[in-house]
Amino acid sequence: MAAEQQNEVKTQQMEENKENSIDESLGLEILQIIKDSQQQHGLRHGDYQRYRGYCSRRLRRLRKTLGFKMGNRHKFTGKKVTVELLSDNRHLLLVLMEAERAWSYAMQLKQEANTEPRKRFHLLARLRKAAKHGEQLEKLCESSRVDAKTKLEAQAYTAYLNGMVQFELQEWKSAMEAFNKCKTIYEKLASAFTEEQAVLYHQRVEEISPNIRYCAYNIGDQNAINDLMQMRLSAGGGGGMMAEKLEALITQTRAKQAAVMSEVEWRGRIVPVKIDKARIFLLGLADNEAAIMQADNEETKERLYESLLAECRDTIQAVREELRTDVKQRERAAEGADSGKVSNLQYLHSYLTYIKLWTVVRRNESMAHALQAKLKEPQTDENKRGPRPQDLIRLYDIILQSLSELSSLQGLEEDHAFQKEVALKTLVYKAYRCFYIAQSYVLVKKWSEALVLYERVLKYTREVQSKAKSLNNSLKDLPDVQELIAEVNAEKYSLQAAAILDTDDVAEVPPQQQIKDTMPLSDRLDNFRLDPTLLSKQPNLVQFPPDFQPIPCKPLFFDLALNHVAFPPLDDKVEQKGKGGITGYFKGFFGFGS
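Residues numbered from 1 in each chain as written. Predicted model: local features only at pLDDT ≥ 70, side-chain atom pairs only at ≥ 80, totals over all residues. Heavy atoms only, no water.

## Quick notes on the side chain of Ser104
By secondary structure assignment, the location of Ser104 is in helix α4 (residues 89–112). Given the relative accessible area of 0%, Ser104 is considered buried. A polar contact of 2.9 Å, which involves the side chain of Ser104, links it to the backbone oxygen of Arg101. Filtering out sequence-adjacent residues up to four positions away, Ser104 remains in contact with Tyr48, Tyr51 and Arg52. (Helix = DSSP H or I, 4+ residues; strand = E, 2+ residues; numbered from the N terminus. Buried < 20%, exposed > 50% of the residue type's maximum accessible area, 1.4 Å probe, protein only. Polar contact = N/O pair within 3.5 Å; in protein donor to acceptor, adjacent residues only side chain to side chain. Contact = heavy atoms within 4.5 Å.)

## What to know about the pattern of salt bridges
On inspection of all chains with the given rule, the structure shows 15 salt bridges. Linking Arg63 and Glu98 is a salt bridge whose minimum nitrogen-to-oxygen distance equals 3.0 Å. Highlighted residues: Arg63 in helix α3 (residues 48–66) and Glu98 in helix α4, separated in sequence by 35 residues. For Glu306, the salt bridge is made with Arg363, and the minimal N-O distance between the two is 2.7 Å. Note that Glu306 is positioned in helix α12 (residues 298–325) and Arg363 in helix α14 (residues 344–376), a separation of 57 residues in sequence. Overall, Glu306 belongs to the partly exposed group, its relative accessible area being 32%. (Salt bridge = Lys/Arg side-chain N within 4 Å of Asp/Glu carboxyl O.)

## Section: the nonpolar core
One recurring pattern in soluble globular proteins: nonpolar side chains tend to sit buried together. Residues Leu282, Leu348 and Ile355 are the most contacted members of the largest nonpolar core, which totals 70 residues. Three or more residues apiece are contributed to this core by two domains, here domain 2 (247–327 + 344–374) and domain 3 (390–501). Each residue touching Ile355, except ones within four places of it in the same chain, is listed here: Phe281, Leu282, Leu285 and Cys312. Listed in part, the 62 residues of the second largest apolar core include Leu127, Ala156, Ala175 and Ala190. (Core = buried A, V, L, I, M, F, W, Y, C linked by side-chain atoms within 4.5 Å. Domains from an automatic or database assignment.)

## Let's talk about the environment of Ala310
Topologically, Ala310 is positioned in helix α12. A sequence separation of 46 residues divides Ala310 from Lys356, and the C-alpha atoms of the two residues are 9.2 Å apart.

## Structural notes on the environment of Ser307
Relative to the helices and strands, Ser307 is located in helix α12. Here Ser307 falls in the partly exposed class, since its relative accessible area comes to 36%. For the pair formed by Ser307 and Asn288, sequence separation is 19 residues and the distance between their alpha carbons is 9.0 Å.

## What to know about helix α7 (residues 172–191)
For α7, with 20 residues, the first-to-last C-alpha span of 28 Å sits near the 28 Å given by 1.5 Å per residue. Residues Trp172, Ala175, Ala178, Phe179, Cys182, Ile185, Tyr186, Leu189 and Ala190 constitute the buried set of α7. Along the axis of α7, the buried positions cluster into a sector of 165°, meaning they face one direction only. Turned more than 90 degrees away from the buried face of α7, the exposed residues are Lys173, Glu177, Lys188 and Ser191. Buried residues along α7 sit against α2 (30–40), α6 (148–168) and α8 (195–219). (Expected span 1.5 Å × (residues − 1). Arc of directions from axis to C-beta.)

## Quick word on the packing of aromatic side chains
Inspection of every chain in the model, using the stated rule, returns 18 aromatic pairs. With a centroid separation of 5.2 Å and an interplanar angle of 40°, the aromatic rings of Trp266 and Tyr354 are classed as tilted. With Trp266 in strand β1 (residues 263–266) and Tyr354 in helix α14, this residue pair connects regions lying 88 residues apart in the sequence. Of the two residues, Trp266 and Tyr354, neither departs from the other in class, the shared state being buried. Among the aromatic residues, those joined into a cluster by ring pairs are Tyr396, Tyr429, Tyr432, Phe435, Tyr436 and Tyr454. Its guanidinium or amino end placed over the ring of Phe68, Lys79 lies 4.6 Å from that ring's centre, counting from NZ or CZ. The cationic tip of Lys425 hangs over the ring face of Trp358; the distance from NZ or CZ to the ring centre is 4.1 Å. (Phe/Tyr/Trp six-rings, centres within 6.5 Å; stacked < 30°, edge-to-face > 60°. Lys NZ or Arg CZ within 6 Å of the ring centre and 35° of its normal.)

## Concerning a nonpolar patch on the surface
Judged by side-chain polarity, Leu541, Val542 and Phe544 come together as a nonpolar surface patch covering roughly 360 Å² of accessible area. Relative to the helices and strands, Val542 is located in the loop between α19 (511–514) and α20 (581–590). (Patch = residues over 30% accessible without salt bridge, like charges linked within 9 Å, V, L, I, M, F, W, Y side chains within 5 Å. Areas by Shrake-Rupley, 256 points an atom, 1.4 Å probe, with all protein chains shown as cover.)

This is the structure we're talking about:
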């Protein structure tokens with residue numbers, strides 16, 4: 001906490017230099033100050049509560065420095081910054097921090113309102129409070145002592161806060177007008193300065209653009225949905241204020257289109273689609289696949305694949321629950337089992353499962369391509385673990401498992417063309433898996449095993465080429481087999497050369513160094529041999545702990561003759577007890593009986 005406050009003091013001194021950059025007139029770099037404060041105090045990680053605490057502490061320091069106290073500890077006296085009091089640009093900063101504190105509290109409540117809807121009322125109250133402080137700042141900046149740049153930034157800041165209020169109230173037209181005003185001012189400011197200074201204004205314009213498109217769509221501009229979907233694609237997995245609203249909007253648009261969708265055709269069979277969730281998913285399938293194809297980087301593509309798979313799993317779960325609850329469906333399934341034709345709902349379930357499994361195949365193939373590219377790049381940092389062939393083997397294992405599940409889909413057992421396609425794809429991915437297993441053996445210098453696996457790869461590729469003649473369209477979505485054959489032939493020659501060189505190296509080594517002798521130095525003092533391990537940190541000097549040595553033990557004696565010895569009688573020496581009773585007692589007592 002103390003370190004954080006020290007950082008705040010340093011930040012305050014730097015910002016005071018920005019605020020006092022113009023001596024004759026009052027100036028305040030509003031956007032620069034709030035962006036720096038937000039990035040340094042929590043908003044980089046979305047922690048609005050921390051930023052609100054910073055704004056409160058900053059306000060307390062400003063009031064103390066300016067002598068602008070709200071009464072004393074016993075009584076509160078409200079005071080406002082007026083044009084007459086405007087003698088220092090820190091008065092403007094005071095109002096700006098009040099607006100930022102209210103705005104950050106509103107954003108904190110917005111995060112909490114997902115689980116507690118009642119907090120939405122408090123959220124709107126704090127946003128209105130922030131807009132009110134923004135309007136106060138704009139009125140103060142109308143003074144002739146404030147420079148033109150600060151006036152424009154104050155107008156843009158106030159327009160942004162008013163737009164946020166109208167956006168949360170779903171007053172789309174008013175919100176769009178406010179955001180457009182804010183965007184126009186920032187664009188004008190960006191054109192008036194150098195490129196380095198204009199970067200911040202351009203970033204602000206990019207942040208506002210999704211809000212404007214969203215308002216335009218809700219007003220009635222149907223073309224705006226395409227722009228919003230493009231923005232979601234270019235976001236690259238980033239969250240933010242608009243993320244949830246964009247997803248809800250796209251789902252709502254697909255739901256409207258799903259009202260007219262009643263059936264789908266797959267593998268020559270038309271299946272009616274009565275489940276709304278399945279309709280929405282199938283309508284958005286083409287858009288999702290197009291977005292994946294247009295993705296710029298692997299991170300965005302991976303995020304879109306995961307989103308599509310999650311949506312597909314939810315849809316399959318909805319269809320599966322419908323299958324369980326429909327009793328008549330079970331009866332039809334039992335009747336259809338004899339005829340060999342599954343019901344429409346079961347066939348729809350198989351179609352959705354096919355989409356899920358094939359998406360898994362494409363996702364892992366995309367990841368494999370990325371790893372292959374990294375595998376061919378030279379390794380710069382030796383301490384950093386790079387990609388290895390074992391990573392690719394795992395990906396191809398998952399692909400082969402998905403293809404195995406594809407071949408056992410219910411309703412496609414008699415579809416011979418489908419089974420041939422799956423078998424052909426399985427051969428292709430088996431060849432690639434076998435190739436990278438061979439690569440992993442090359443790394444550990446197991447030349448014979450790697451050569452056998454390369455031959456297995458060529459065998460798989462020959463089978464693929466022979467079977468692909470009857471299935472011309474089945475290889476268009478698969479990796480190039482000819483490229484794999486050329487790579488295997490090149491690797492075979494490299495492997496043979498490496499094996500020969502490795503054999504020569506072994507032959508040149510002296511026989512004394514080839515044999516790894518574990519005998520310690522103390523046991524071979526009469527034999528000279530170069531042993532580099534003696535100069536290492538763990539030289540083999542003596543055997544420790546030493547072996548046990550045999551020593552003579554103490555003999556044990558057993559007296560076996562004692563059992564056969566006859567001892568002499570000792571009756572005459574044993575004392576005899578008297579038989580006289582009490583008279584004998586007195587005799588013994590006085591010594592008469594002895």
